[in-house]
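# Structural overview for review
As a plain string of letters, each chain reads:
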Amino acid sequence: MKVIFATHNEGKMKEIREILKDLDIELCSLKDIGLNIDIEENGTSFEENAIIKARTVCDMTGEITLADDSGLEVDYLDKAPGIYSARFLGEDTSYEIKNQYILDRLKNVPEKDRSARFVCVIACAFPDGETVTRTGVIEGLIAEKISGTNGFGYDPIFYVPEYNCTTADMPSDLKNQISHRGKALRAVKEVLTNYLAV
Ligand code: ITT
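Below is a short write-up of the structure. (Residues numbered from 1 in each chain as written. Predicted model: local features only at pLDDT ≥ 70, side-chain atom pairs only at ≥ 80, totals over all residues. Heavy atoms only, no water.)

## Considering the overall build of the chain
Helix and strand counts for the chain stand at five helices and eight strands. Its C-alpha atoms give the chain principal-axis dimensions of about 55 × 30 × 25 Å. Of all 198 residues assigned to the chain, the portion counted as buried reaches 49%. Summed over all atoms, the accessible surface of the chain reaches about 9,900 Å², with 48% contributed by carbon and sulfur. Treating the 23 positive side-chain charges of the chain as one cloud and the 34 negative ones as another, the clouds have centres 3 Å apart. (Helix = DSSP H or I, 4+ residues; strand = E, 2+ residues; numbered from the N terminus. Buried < 20%, exposed > 50% of the residue type's maximum accessible area, 1.4 Å probe, protein only. Areas by Shrake-Rupley, 256 points an atom, 1.4 Å probe, with all protein chains shown as cover. Lys, Arg positive; Asp, Glu negative; His and termini not counted. Charge placed at Lys NZ, Arg CZ, Asp CG, Glu CD.)

See below:
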C-alpha cells in the first residue's frame, strides 16, 4: 500500500522514515512523487494545519496521505513561536538566528520559567474523506546555550532534563523514542495497521 507523506521538510522526513520503517507500506515524500506544491497553512492550530496539508494532497492524488504540523511552544514567550515555528522571524531566517533570538529573549530567566514543549500533530487523510489525527508532546526547557548538531530546527536549544542534554545532542533513535513526532507517529502506526488489517 502506497502512503504519501505531505512534507517538504527533509529533517522531518528522515525521522518519519525511521519511525515508520517496520510498517508494510511504500512511504513516498512529495519529492518522491514529483509534487512540488506550496500548501497555504492558514489554520489556527497544529491540528487544523496538519489536516489542511494531508487533505489537500489526498484529494489531489487519491492516495492515503499523512502530514505533520509541529512546533515549539515557549511558555515565557506566551507559547510563541507555536504554529508559526517555521515562519518565525521570516521564512528565510536561519535557525542559527532563530535559536539565538530565543536564547537572548530568555537571557537570565531562571530555570523554573524556561519551560517549553515540542508539539506534533499527524493527520492521516483517507481517500473516502475520513481524516484522523494523533498528537504527541515532549516537555523540556529552553537551554542556556546552543548545543548539539543532530536533528534540525530548534533541537539545539531544546533541553531535556531527564537526559541532561538537548534533542540535538541525542542520537536519532533516542530522540525518536521520546519525541513529540515519535509519539504521534506510533499512534498513527496503529491506525494504519488496523486499516491494513481489514
Ligand atoms: P512541512 O509543512 O512541509 O511539513 P515545515 O517545516 O513548514 O514543513 P511546520 O509548518 O510543521 O513544517 O513547521 C514545523 C517547524 O517546527 C519546523 O520547521 C521546525 O522549525 C520546528 N520543529 C518541529 N519539530 C521539530 C523537531 O523535532 N526538532 C526541531 N524543530 C522542530
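Now that the structure has been shown, we can carry on.
## Examining the pattern of salt bridges
Where charged atoms from two side chains of opposite charge approach closely, those side chains can pair. Under the definition given, this model contains 15 salt bridges. For the salt bridge of Arg117 with Glu73, the shortest nitrogen-to-oxygen distance reads 3.3 Å. Taken together, the residues span a long stretch of sequence, with Arg117 in strand S5 (residues 115–125) and Glu73 in strand S3 (residues 64–74) at a distance of 44 residues. Residue Glu73 is classed as buried on the basis of its relative accessible area, which comes to 14%. Salt-bridge contacts for Asp75 lead to Arg117; the nearest nitrogen and oxygen are separated by 2.8 Å. (Salt bridge = Lys/Arg side-chain N within 4 Å of Asp/Glu carboxyl O.)

## Description of the nonpolar core
The biggest cluster of nonpolar side chains holds 21 residues, and the ones touching the most others in it are Phe5, Leu27, Leu66 and Ile122. Taken together, the elements giving at least two residues each to this core come down to strand S1 (2–5), helix H1 (10–19), S3, S5 and helix H5 (180–197). The biggest single contributor to this core is H5, with five residues. Core analysis: the second largest hydrophobic core is formed by 20 residues, Leu106, Ala116, Ile142 and Met170 among them. (Core = buried A, V, L, I, M, F, W, Y, C linked by side-chain atoms within 4.5 Å.)

## What to know about the site of the ligand
In the neighbourhood of the ligand, 21 residues make up the surrounding shell, with Thr7, Lys12, Lys53, Tyr95 and Lys175 lying closest. The contact in question runs from an oxygen atom of the ligand to an N or O atom on the side chain of Asp69, over 3.2 Å. Tyr95 has a polar side-chain atom sitting 2.5 Å from an oxygen atom of the ligand. Here the ligand loses 92% of its free accessible area of 610 Å² to cover by the protein chains. Using a 2 Å cut-off from the grid points, one finds that the ligand occupies the largest pocket. At the level of elements, S3 and H5 are the ones that each hand at least two residues to the shell around the ligand. (Near = heavy atom within 4 Å. Polar contact = N/O pair within 3.5 Å; in protein donor to acceptor, adjacent residues only side chain to side chain. 1 Å grid on protein atoms, 1.4 Å probe; cavity = no way out; pocket = protein on both sides within 12 Å on 5 of 7 lines; lining within 4 Å. Sits in = over half its atoms within 2 Å of the grid points.)

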